[in-house]
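# Topology and contacts: notes
Each chain is listed here by its residues.
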Amino acid sequence: MAAAAARCAGHGGGGGGGGFLLRRRLLATAAFLAAFGLCTAAADDAATGRGQGHDHVMLSVEDMFPDSSSSSPSCDAPPRDHRHDATSSTTRMTIVHRHGPCSPLAAAHGEPPSHGEILAADQSRAESIQHRVSTTTTGRVNPKRRRHRQQQPPSAPAPAASLSSSTASLPASPGRALGTGNYVVTVGLGTPASRYTVVFDTGSDTTWVQCQPCVVACYEQREKLFDPASSSTYANVSCAAPACSDLDVSGCSGGHCLYGVQYGDGSYSIGFFAMDTLTLSSYDAVKGFRFGCGERNDGLFGEAAGLLGLGRGKTSLPVQTYGKYGGVFAHCLPARSTGTGYLDFGAGSPPATTTTPMLTGNGPTFYYVGMTGIRVGGRLLPIAPSVFAAAGTIVDSGTVITRLPPAAYSSLRSAFAAAMAARGYRKAAAVSLLDTCYDFTGMSQVAIPTVSLLFQGGAALDVDASGIMYTVSASQVCLAFAGNEDGGDVGIVGNTQLKTFGVAYDIGKKVVGFSPGAC
């Protein structure tokens, strides 16, 4: 009760005897409200002492363009000066933006996707996640979601005959989502190890790479294809092995297990489920790691070699390595695509500043958390907790824009727009799914209302300045949140809002943690 009252009362209160008495009265009132699960906006405002530095953040308009020519890449800088080696209890890998100058895939072929393409792919991912959540948690699709998705991408082609005719009807797993896959890491695979740049994704379980031979076709990737024949530790998984039944969708060819995965945009990978040595960083080897060796792949993978699955399913990396890392990993996404972040495995990372329960009973794969509220400009918005509880919320590294229940987004948009209007900022045309945009042409600095996402257990994600707005141009800078179509669609905390935070996942303890300023 005391902790709940403190959260309702905030950290305000002046000095001296008068301030002390005010603080006591605020705590007494907050305790009463907390007993009924009510923290009003008025009580929150009085306690937090809104003002300079509490209700807004100053941003340089130039800094809103992460790829501007004045930005110097910091590709070699270790995140937060934490260097990890063979003596550390944590294995650290470097995260880079797929299209940034630090990426091995940078300037591979052609221009990076446009903002319209990024946001369209992100919408496909969000809808795919919501479709899967709907079918796996309730056994049926939300009727509104079904109508909205009548024109879904075609199913993946059947595997080629060389994978045996018995697999002709092997489907690709429906409802998965890849989208734009914004961030990549480099791993080693095989013995001797070859290096591959892969998208890392907390919303997928099965890791896979493109393999030789491509039975029909492989999409173009920057690095050479993985060749199983060149690895002394490669082996196919048997159809009779328990690991084959861990797959959502499996088949059999000549006694060897087959996998198939399909993503929300129609991209897919089909091939043999196999085992080999996976190397994380330059020294930490995971022997006998099970992954997909894709011989028929197509889609919008952006020349990455494949995908690193970090979900909660049995085939995911955190679950396969539970005995080694204890089901603990963390990531930090850089504020700018010219910088670097990290992906850690093991319990040696700095502890999270705040944690919230991981709601593992809500469904498979995804990292569910209990969102409870939103603050804009230091004020708690008047949103009933039931709005967030209706469909739940997940934290997802691969979704770009955070999705909120319609009622929650409407409240956020109204409060944000009112604060911007009070400062005289000009509205601009909407961009794709982003409908609250501003024209900052000719300005050098702007004041943006702060945004905080609140979770069960008192955890708060005070969104970094780099994660509040999405910049298309100086004349179109938009609030980087969007509303779901329906109140029954799961909410998604996307990677734009996770920037600079150390986000820790502990499957054993069932918690998700947030640490500001981690990279």
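Residues numbered from 1 in each chain as written. Predicted model: local features only at pLDDT ≥ 70, side-chain atom pairs only at ≥ 80, totals over all residues. Heavy atoms only, no water.

An unreviewed UniProt entry lists the protein chain under the name Peptidase A1 domain-containing protein, with Oryza sativa subsp. indica as the source organism.

### Some points on the overall build of the protein chain
Per the secondary structure count, the protein chain includes eleven helices and 31 strands. Buried residues in the protein chain amount to 54% of all 519 residues. For the protein chain, the proportion of contacts with a sequence separation of at least 24, taken over those separated by at least 6, is 73%. Of the roughly 20600 Å² that the protein chain leaves accessible, carbon and sulfur atoms contribute 54%. (Helix = DSSP H or I, 4+ residues; strand = E, 2+ residues; numbered from the N terminus. Buried < 20%, exposed > 50% of the residue type's maximum accessible area, 1.4 Å probe, protein only. Contact = heavy atoms within 4.5 Å. Areas by Shrake-Rupley, 256 points an atom, 1.4 Å probe, with all protein chains shown as cover.)

### Notes on the sheet that holds strand β26 (residues 469–473)
If you walk across this open sheet you meet the four strands as β21-β22-β27-β26, and the pairing is antiparallel. The open sheet terminates on both sides in strands that have one partner only, identified here as β21 (426–428) and β26. On average, each strand axis in the sheet is inclined to that of its neighbour by 35 degrees, with strand direction left out of account. Relative to strand β27 (residues 476–479), strand β22 (residues 437–439) is paired through two bridges, and the arrangement is antiparallel. Note that in β27 the partner of Cys437 across the bridge is Cys478. Each of β22, β26 and β27 touches helix α10 (residues 406–422); the most contacted strand, β27, lies at about 135 degrees to it. (Pairing = 2+ DSSP bridges. Axes fitted to C-alpha atoms, helices over the stretch in contact; angles between N-to-C directions.)

### Some thoughts on the nonpolar core
Core analysis: the largest hydrophobic core is formed by 76 residues, its most contacted members being Ile374, Leu412, Phe440 and Leu453. A total of five residues in this core trace back to one element, the largest contributor, which is α10. When residues are assigned to domains, this core turns out to be shared by domain 1 (169–320) and domain 2 (352–514), each giving three or more. Beyond its immediate stretch of four places on either side in the chain, Leu412 contacts Ile374, Val376, Leu381, Leu404, Val451, Leu479 and Phe481. (Core = buried A, V, L, I, M, F, W, Y, C linked by side-chain atoms within 4.5 Å. Domains from an automatic or database assignment.)

### Remarks on the confidence of the model for the protein chain
Caution applies to low-pLDDT regions: their predicted coordinates should not be interpreted in detail. For the protein chain, per-residue confidence averages 79 on the pLDDT scale, and residues scoring 70 or more make up 75% of the total. Mean pLDDT per element in the protein chain: strand β3 (residues 173–176) is the minimum at 33, and strand β7 (residues 235–236) is the maximum at 98. Between residues 1–53, whose pLDDT stays under 50, and residues either more than four places distant or in other chains, the model counts 60 contacts. Across residues 145–180 the pLDDT falls below 50, and counting only partners more than four positions away or on other chains, this stretch makes 101 contacts in the model. (pLDDT = per-residue confidence, 0-100.)

### As for the environment of Pro350
Along the chain, the position of Pro350 falls in the loop between β14 (341–345) and β15 (354–357). The exposure class assigned to Pro350 is partly exposed, which follows from its relative accessible area of 47%.

### A look at the pairing of strand β10 (residues 268–280)
Counting buried residues along β10, twelve of its 13 residues qualify, which places the element largely inside the surrounding structure. Alignment of strand β4 (residues 183–189) against β10, held across three bridges, turns out to be antiparallel. Directly across from Gly188, in β10, lies its bridge partner Thr279. Of the strand pairs in this sheet, β7 and β10 are connected by two bridges, and their pairing is antiparallel. In the sheet register, Asn236 faces β10, and the bridge partner there is Ala274. By the bridge criterion, five bridges tie strand β9 (residues 256–263) to β10 in an arrangement that is antiparallel. Bridge pairing links Gly260 to Ile270 in β10. Examined bridge by bridge, β10 and strand β11 (residues 284–298) share twelve bridges and lie antiparallel to one another.

### Concerning the packing of aromatic side chains
Overall, the coordinates contain 13 aromatic pairs when judged by the stated rule. On the numbers, 6.4 Å between centres and 75 degrees between planes, the contact of Tyr234 with Phe291 is edge-to-face. With Tyr234 in the loop between β6 (208–210) and β7 and Phe291 in strand β11, this pair connects stretches of sequence that are 57 residues apart. For the pair Tyr325 and Phe345, a centre-to-centre distance of 5.6 Å together with 35 degrees between the ring planes defines the contact as tilted. Here Tyr325, found in helix α8 (residues 322–325), pairs with Phe345, found in strand β14; they are 20 residues apart in sequence, far enough to count as distant. Judged by relative accessible area, Tyr325 falls into the buried class, the value being 7%. Taking the relative accessible area as the measure of exposure, Phe345 reaches 1% and is therefore buried. Three or more aromatic residues joined by ring pairs make a cluster, and in this case those are Tyr325, Phe329, Phe345, Tyr367 and Tyr505. (Phe/Tyr/Trp six-rings, centres within 6.5 Å; stacked < 30°, edge-to-face > 60°.)

### Observations concerning α10
For α10, spanning 17 residues, the distance from its first C-alpha to its last is 24 Å, which sits close to the expected 24 Å at 1.5 Å a residue. Those residues of α10 that sit buried are Ala408, Tyr409, Ser411, Leu412, Phe416 and Met420. The arc that holds every buried residue of α10, seen down its axis, measures 165 degrees, which confines them to one face. Exposed side of α10, more than 90 degrees from the buried face: Ala421 and Ala422 are the residues found there. Just past α10, the residue Gly424 takes up positive phi, approximately 80 degrees. (Expected span 1.5 Å × (residues − 1). Arc of directions from axis to C-beta.)

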